[in-house]
Amino acid sequence: MMKRPFHAFVFVLWIIMFGGYFSKALAQSAAIKSIYRTIDDTYESKADSMTNAFIESFMIKSKGIFNDRYNQYAFNAYWTQAHAIDVIVYAYERHKDINRTLASKYLSYIRSWYNNKANNYAGAAQGTGYKMFENPFTDDMCWITLTLLHIYEATGTSMYATAAKGVFDNFIIKRANEDEETGGLWLPWNTDPGSGPNACTQSPATLIAAKLYQKYGDAKYLEYAKKLYAYTSKKIVKSDGRVEEPPLTYTQGTFGEACRILYHVTDESLSIKNRYKTQAYTYLNYAFTSGRCTNGNNILRHEGTSGDQSIFKAVLIPYAVNFVLDEDMSSANRTSLSKLILKNTSTMWKNLDTTRYPLVFCNYDWTSPYTGPDSEASMGAMCSGASLMENSARLCRAVTDRCELGTLYDKCSSLDIEPGEADAPELSAFFAAMATAEEMLASPGNYTTAQFKQAKEDLEATYQTASDFAAGMSHAPALSGEDDATYDLSGRKTSGTLSRPGIYITGGRKIVVK
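Residues numbered from 1 in each chain as written. Predicted model: local features only at pLDDT ≥ 70, side-chain atom pairs only at ≥ 80, totals over all residues. Heavy atoms only, no water.

**Student:** Is there a simple way to explain the layout of surface pockets in this structure?
**Tutor:** To find leftover empty space, a probe the size of one water molecule is rolled over the atoms. Within this model, the largest pocket holds a volume of roughly 1600 Å³. If you go around the largest pocket, you meet 46 residues; those closest to its centre are Glu93, Glu153, Asn322, Arg394 and Gly445. Elements represented by at least two residues in the lining of the largest pocket include exactly α4 (79-95), α7 (138-155), α9 (199-216), α11 (249-265), α13 (312-324), α15 (379-413) and α17 (449-474). Considering only residue class, the lining of the largest pocket consists of 18 nonpolar, eleven polar and 17 charged. (1 Å grid on protein atoms, 1.4 Å probe; cavity = no way out; pocket = protein on both sides within 12 Å on 5 of 7 lines; lining within 4 Å. Points joined across faces, edges and corners; volume = space filled by probe spheres on them. Helix = DSSP H or I, 4+ residues; strand = E, 2+ residues; numbered from the N terminus. Nonpolar A, V, L, I, M, F, W, Y, C, P; charged D, E, K, R; others polar.)

Shown next, in the form of structure tokens:
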């Protein structure tokens, strides 16, 4: 609030007129302040270096797809392409409002990835009926569909959302089976007879359905999401926070994200909403703290050397960052998780060998450098490292944007301006900038980095005028009711009619000329 010891009536009027400023003065949360203090300002440049090395070492640039190992193409490497291009999508989002040349290059890779059907070997086969991103493996389609939705969110191009919706509607959900015991839905892992459900199919499918409901508002998607969740939570998830056995980082992260989105979109009771919120943290936190998923010191463990296993961590990391940036989640949980993420980031970076840059390889275990031959270097391992660094930069930029805007907002809120004076024309731009900042701090996930930057610039540009105005008020002449002269806020006596907009004092009272 713009503070001054008001008369009780004036204070009530202030709350009515500017209650938003009063209630949102603490919009810069304790979590944001805490995370901000741990930020390394070199994450941006490290992310740029890591993503470029990932592209140079593993991408087939003409197609926007990735080799399975250094210079080794695998025709059936499909689901992993989702998480590989996700790194590029995050890099595009980070640069699209700042470095348009670099963002354009990333966008060209994304488009090529889409045009080449993400290396969908099934889609290329004759007589299969699979034309674009459809595949016999349900989980493969789910991961690709999530990435299509991510590309839509990053670019705003509806083609990607339409493609995602088509795969889900026509292939994924048509394979679903009702389960009488839970009232839920389960999906077969693939089209083989007798193929059953598993966490790596149920988790992403639940998340897709919830995100399609967010996008299209069709109630059937919310119903699908709740039923897929019901089966998974009752038949697959373990009571101690494991999503599956053995617990793997990618399903911990994906089901955690599904619960977080369900919290935001569900039409169920507050107690159920809070259950989703609690579970979102439980599954994510398990991945970073359990000895089953870490090396015992909160560093994500070596999960295997195959192309599938080595990319698991790349799936977890973005969802953990989403949780940290979600203001509706617990402040303490967000702060704790952010520290675990950044601990992994610093450990991974410290153990990279960059002496042959841009030929850089990330190890399966982030506590040691990769020392094997180039031919054995894993795209999945490098993708996990690049995802960690790219998303750490995303986290830190978002936190920095919010913290700096919040600090400036708090500074502006302390100005000594009373409700009646807020109508002054010279303050209109200031109050407009304050209103914008307040809204952005209240719902930060709805705004881009460029919008935060613009909001900060707008507030900075109008602050001095508001500050001068407030200073003028505090130094205005003390006039008695017997003085009939008119003065401006600097104490200068005016003459003639008051045709110029502003605030004046006459006869011991203030008047506003608009």
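**Student:** Teacher, can you tell me more about the nonpolar core here?
**Tutor:** Across soluble globular proteins, you tend to see nonpolar side chains buried next to one another. One finds Phe54, Trp113 and Phe288 to be the most contacted residues of the largest nonpolar core, which totals 125 residues. By residue number, the principal contributor to this core is α15, which donates twelve residues. Dropping the residues within four chain positions of it, Phe54 is found in contact with Met59, Phe66, Ala84, Val87, Met379, Met382, Cys383 and Ala386. One finds Leu415, Ala424, Leu441 and Tyr463 within the second-largest nonpolar core, a separate group that totals 22 residues. (Core = buried A, V, L, I, M, F, W, Y, C linked by side-chain atoms within 4.5 Å. Buried < 20%, exposed > 50% of the residue type's maximum accessible area, 1.4 Å probe, protein only. Contact = heavy atoms within 4.5 Å.)

**Student:** Looking at this structure, I do not really get the packing of α7 against helix α8 (residues 158-172). What am I missing?
**Tutor:** Packed helices, taken two at a time, are described by their axes: the angle between them and the distance between them. The contact between α7 and α8 brings their axes to 7 Å, and the two run at 155 degrees. In terms of orientation, α7 and α8 fall into the roughly antiparallel class. Judged by the sense of rotation from one axis to the other, the crossing of α7 with α8 is left-handed. Taken together, the residues of α8 that come into contact with α7 (itself represented by Thr138, Met141, Cys142, Thr145, Leu148, Leu149, Ile151, Tyr152 and Thr155) are Ser158, Tyr160, Ala161, Ala163, Ala164, Val167, Phe171 and Ile172. For the contact of α7 with α8, the per-class residue count stands at 13 nonpolar, four polar and no charged. (Axes fitted to C-alpha atoms, helices over the stretch in contact; angles between N-to-C directions. Parallel < 35°, antiparallel > 145°, perpendicular 65-115°, else oblique. Left-handed = near helix turned anticlockwise from the far one by under 90°.)

**Student:** Please explain the pattern of salt bridges as it appears in this structure.
**Tutor:** Between side chains of opposite charge, a pair can form when the charged atoms approach closely. Tallied over the entire structure, the rule returns 20 salt bridges. For Glu257, the salt bridge is made with Arg260, and the minimal N-O distance between the two is 2.9 Å. You can see Glu257 and its partner Arg260 sitting in helix α11, three residues apart, about one turn around the helix. Like Arg260, Glu257 is buried. A salt bridge links Asp326 to Arg260; the nearest nitrogen and oxygen atoms lie 2.7 Å apart. Here Arg260 lies in helix α11 and Asp326 lies in the loop between α13 and α14 (331-350), a separation of 66 residues in the sequence. For Asp326, a relative accessible area of 7% puts it in the buried group. Residue classification places Arg260 among the buried positions, given a relative accessible area of 10%. The structure contains a network of salt bridges with shared partners spanning Glu44, Asp48, Arg94, Glu390 and Arg397. (Salt bridge = Lys/Arg side-chain N within 4 Å of Asp/Glu carboxyl O.)

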